[in-house]
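Residue strings, one per chain:
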Amino acid sequence: MLGDGHFGKGYSTRSTALLGVGLLSAATLAFELSLTRIFAVAQFYHFAFMAVSLALLGSGASGSLLSIWPRSGTNPARWAAGFSLSALGSYAVLNLVPFDSYAIAWDGRQVLYLVALFGGAAVPFFCSGLAISGMLQADARGLHRVYAANLGGSAAGCLAVLPLLSWLGAEGTLAASGAAGLAAAALLVQPEAGGRRAPARVAALAGAALLTALAVVRPSWMLLRLSPYKALTQALFAPDARLVLSRWGPVARVDVVESSAIHVMPGLSENALIARPPLQAGLTLDGDNLQPLTAISPDSDLARELAASVPEAVIRAMRPHAGRYLVLEAGAGWSVLMALAGGAEAVTAVEHDPLVVQILRGELGDLTHGLYSDRRVRVEVSEGRTYVRRTRERYDAIVVALSDSFHPVTCGAYGLSEDYRYTVEAVTDYLARLEPDGVLVITRWLQSPPSESLRTLAAIEAALGRRGVAAPAEHLAAFRSLRTITFVVANVPLTSADRAAIRSFASSRAYDLVWLPDISQGEVNVYNRVPKPAHYEAFRGLLADPEGFVRSYAYDIRPATDNRPFFYHYFRWGQMPAILQSLGRTWQPFGGSGYLVLLALLAVVCVLAIALIWTPVLVTSASRRRSPVGRLRCVALVYFSMLGLGFLFVEIPLAQHFILFLGQPTLALAIVVFGLLLFAGLGSVTAPRWQLHTALLWLVLAAVATPLLVRGIFAIALGWPAPLRAVVAIASLAPLGLLMGVPFARGLALLERVAPGLIPWAWAINGSASVIASVLAVMCAVSWGFQTVLWLGAAAYGAALVAVAALSDRREMQPRREASAARE
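Residues numbered from 1 in each chain as written. Predicted model: local features only at pLDDT ≥ 70, side-chain atom pairs only at ≥ 80, totals over all residues. Heavy atoms only, no water.

A. How the structure looks around the sheet that holds strand β12 (residues 512-515). Strand order in this open sheet of eight strands is β7-β6-β5-β8-β9-β11-β10-β12, and the pairing throughout is mixed. Either end of the sheet is taken by a strand with one partner, and the two such strands are β7 (377-381) and β12. Here the average twist between neighbouring strands, direction ignored, is 20°. Across the sheet, helix α14 (residues 424-432) touches β5 (324-328), β8 (395-400), β9 (434-445) and β11 (484-490), and the angle it forms with β9 is around 140°. Contacts between helix α17 (residues 534-544) and the sheet are confined to β10 (476-480), β11 and β12, with β12 contributing the most and set at about 20° to the helix. (Pairing = 2+ DSSP bridges. Helix = DSSP H or I, 4+ residues; strand = E, 2+ residues; numbered from the N terminus. Axes fitted to C-alpha atoms, helices over the stretch in contact; angles between N-to-C directions. Contact = heavy atoms within 4.5 Å.)

B. Expanded view of the pairing of strand β6 (residues 346-351). Burial analysis of β6 places five of its six residues in the buried class, which makes it a mostly covered element. Here five bridges tie β5 to β6, and the two strands are oriented parallel to one another. Counterpart to leucine 326 in the pairing with β6 is threonine 348. In this fold, β5 hands off to helix α11 (residues 334-341), which returns the chain to β6; that crossover is right-handed. Pairing analysis gives five bridges linking β6 to β7, with the strands arranged parallel. For valine 347, the partnering residue across the bridge sits in β7 and is valine 377. Between the parallel pair β6 and β7, the chain is carried across by helix α12 (residues 354-361), and the sense of this crossover is right-handed. (Buried < 20%, exposed > 50% of the residue type's maximum accessible area, 1.4 Å probe, protein only. Right-handed = clockwise from strand over helix to strand, strands pointing away.)

C. Examining the nonpolar core more closely. In terms of nonpolar packing, the biggest core is built from 281 residues, with Phe39, Leu440, Phe640, Phe658 and Phe661 touching the most fellow members. Ignoring anything within four residues of it in the chain, the contact list for leucine 440 reads Ile398, Val400, Val427, Tyr430, Leu431, Leu434, Phe487, Val488 and Val489. (Core = buried A, V, L, I, M, F, W, Y, C linked by side-chain atoms within 4.5 Å.)

D. Just the environment of leucine 434, in detail. As for its position among the elements, leucine 434 is in strand β9. Owing to a relative accessible area of 2%, leucine 434 belongs among the buried residues under this scheme. Distance from leucine 434 to arginine 394, taken between C-alpha atoms, is 5.1 Å for residues 40 residues apart in sequence. Leaving out residues up to four positions away in the same chain, leucine 434 has contacts with Arg394, Tyr395, Ala397, Ile398, Val439, Leu440, Val489 and Asn491.

As structure tokens, then:
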């Protein structure tokens, strides 16, 4: 039994209250992760990471309210129930508010819709934060245990959400998180007069049962509404279109649309003599990137005619006897179909989404004529990078399939998404798996002005350089159709026979040459004519002086690397005048640059963070007629804000970087957050045994060493089986996580001895600084890479180490008058 000061008189046992805290924390993390999936599917990828910001914003706001009104946290069960109800309300707002990101530059209403969208989504985190921070305040002497329950429960929520997304979908997972919140409320119920608590508990458990049923049944009114600009939405506009399949999986939501209007054959030659196009259905991932499911056999005459008229046919022109193909990111199978129809004897198709493979071997097997069950096809469910690193086989040809839709470079909506297929390290790995005379074929969309093609070329040039090639220009060729550009890369210089074969192939299919080692200007811009051969001129400039050309180009075309894998980010600050001039005049999301979303969001969260931190100070100081700024408050402000910055500067780049290692964003985020929170929870339990200076010093050193540790782990274990990689990832986070759990708990313990009235304010500071860090970390990663962000995290913890000297010295920082004011 706990006496006064340990969760108050209302809790019969410490374990019940801690279990309630853990369950509510698990529900909150499950809600946060399901929200990232909902934002990614309903809108676009760059909305997904904002769920992290919203979670931290709600947490910071709860600390601010508790600082102003301490009694607001005395009924955590009520706030836990509020979390559940507001979680459902936030989903209703997201689904009903007609937000249009493409119109925000000229339609003022969209700004209000966006505020409603994000404001509604932040309320559940506010309620959860108020319940947990109230528990911390109620048990100041045992707050390290409450903090450990919070972190441990959050870690459990990260793992639970992975199977739930596959079983229940994002909508059902969100409802399940609400059910868990009500179950937590039942555990946290305090007795009424006379000691009764049964009615409230029964009501909470009944609500939890209802939400569980809702999660399982998922009625039609709960289904997610997608942006009108998603490929799935667009495809369903066709008169005869019908949605034949929609299923959530561990990687993405998979939808299949049947329509006579679907014709997707990337790079098909203008000279293709086809009487009529094949019947195709469309497969989308997260409602976007429509891929063709083609209803023809690879042995049919139509398939052979198509296979002779696509860019990949250059392989057969150069290497007539090439028999073993590797198709990376095979998706719905178009490139696999073309390889078989073109004469490949054996095709290894690597696809990262197990649900796609399951569907093509199951429900849609007949439509695709058993493509993924063909005896000549071996399907590997794996990330392309992982498979290439794991296998020891060599191939005559490696094809990096064009599995994503065309996204204009001026759009910027995908600039924040990681893509490890086209990094320098990826191309280096591909080349290492070729036979001595093998060829690598990469096809990308043609952009104007040149951007994707130049970044791809820069990565190829750098990869060849890493393999010891002195003259990369001698090892590659490129040609274009009206909408695509194809690269042909070899480990050995292209021979005169290779060059002749490519010239003949391009001429017969009406493809325009962009690069050959001995190309002349008269050979370019012949068939698909444009006013100026911009791609040829840019290729010639980049291959002549790679560093100088990349540095001076109008767009950021630095080659993507595993440290900075943002293939679609081309923003430079020099573009700002043109972007600002186009605001309100172009039909693009956010006026033409996804990066500006971050900039605008950073300004907003800075204002909110300042308000959340200083409002409690000003309100309480005004009511007591004391100075709002004192030495104690200043030191606490620096210390807890640096902890907030440091934690997120470590967590976010690791979650993004581990996408390469673990295979997909949701899994990487869940595993990294699970590992850090689990070990941070263990660290907070051991916090009383640590000297704070020592823990912070070791934490700084660990954060500095983490980039080197991660690089070594990736080099050794990237090709290992997925379950083993997950275990390795979690284990690798143990030292860092344990140390990250100590400073916050120890800092609160110091405040409890010196000025317990400042504990809610410390919670507000930490949450508010974390909001800023969640945006700033992404901006820094996009510009400078993950390693830089991790080192900034180390610097933040270093600043906390400097501040802790003052925080821990009571004689210096506790003037009697100030301390008494803080306690009041």
